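One-letter residues, chain by chain:
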Amino acid sequence: MAATAVRYLRSVGAATTAAPGTPVGAPPEALPRPDLRAVRDDERLPVAPAEFRRVLGHFASGVTVVTARDADGPTGFACQSFASLSLDPPLVSFMVARTSTTWPRIARAGAFCVNVLGAEQGPLCRAFAVSGADKFAGVAHTDAPATGSPLLDAVPAWIDCRVHAVHTGGDHLIVVGRVEALGAAEEGEPLLFHQGAFRRFSR
């Protein structure tokens, strides 16, 4: 777990040596990440950010809440970029902005649970999309069986993981998790996100 955090901090250019007085074996603190630019200051972006968002918004995705538990308690964030990655070994992935204040806590925990949201859980997604709020206020949850990460009540599916690898991807990080446990309800429709709004299947 600590080694995973060290690899992450090295990947973003942060110091990985412990400060004086830090207990032996304690994971390093996640220091501020450097500014990132994919192009030089004098180089024009190949695609306008607004147009990029507009076009990519046509790709419908599922919606998840990625949760973890560190020494300060439960944490989590709403995430659309979750995907299955590998069957053998069982791996999944998600992307998180390098400016995220939640990701360093997940990195220190070394584990996370992906909570797949159902069609009626749009308000839950909005609660976890707010920065700086107590996202777990009034949110019922239990401990995921393998890692102890928060498993939200009434989600149609969940995937309990340990951090396997972290890769850089421009202004985001690509987090790979090794699946330790998972489960799903027999029935339930997914919550979808398309062109800036929540959607659901129509039959």
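Provided above is the structure to which this section pertains.
Residues numbered from 1 in each chain as written. Predicted model: local features only at pLDDT ≥ 70, side-chain atom pairs only at ≥ 80, totals over all residues. Heavy atoms only, no water.

**Focus: the sheet that holds strand β5 (residues 91–97)**
- Overall, antiparallel pairing links the seven strands, which are arranged β3-β2-β6-β9-β10-β5-β4 in an open sheet. Among the strands making up the open sheet, the edge pair consists of β3 (73–79) and β4 (83–86). Across the sheet, the mean angle separating the axes of adjacent strands is 35° when strand polarity is ignored.
- As paired strands, strand β2 (residues 64–70) and β3 are joined by seven bridges and run antiparallel to one another. Of the residues in β3, the one forming a bridge with Val 66 is Phe 77. (Pairing = 2+ DSSP bridges. Helix = DSSP H or I, 4+ residues; strand = E, 2+ residues; numbered from the N terminus. Axes fitted to C-alpha atoms, helices over the stretch in contact; angles between N-to-C directions.)

**What to know about the environment of Val 130**
- Counting through the fold element by element, Val 130 comes out in the loop between α4 (122–129) and β7 (141–143).
- In this structure the C-alpha to C-alpha distance between Val 130 and Ala 78, which are 52 residues apart in sequence, comes to 8.7 Å.

**A closer look at unusual backbone geometry**
- Following Asp 88, the chain continues into Pro 89 via a peptide bond in cis, with omega recorded as 0°.
- Relative to the helices and strands, Pro 89 is located in the loop between β4 and β5.
- One non-glycine residue, Ala 154, adopts positive backbone phi at about 70°.
- Within the secondary structure layout, Ala 154 lies in the loop between β8 (150–152) and β9 (157–169).

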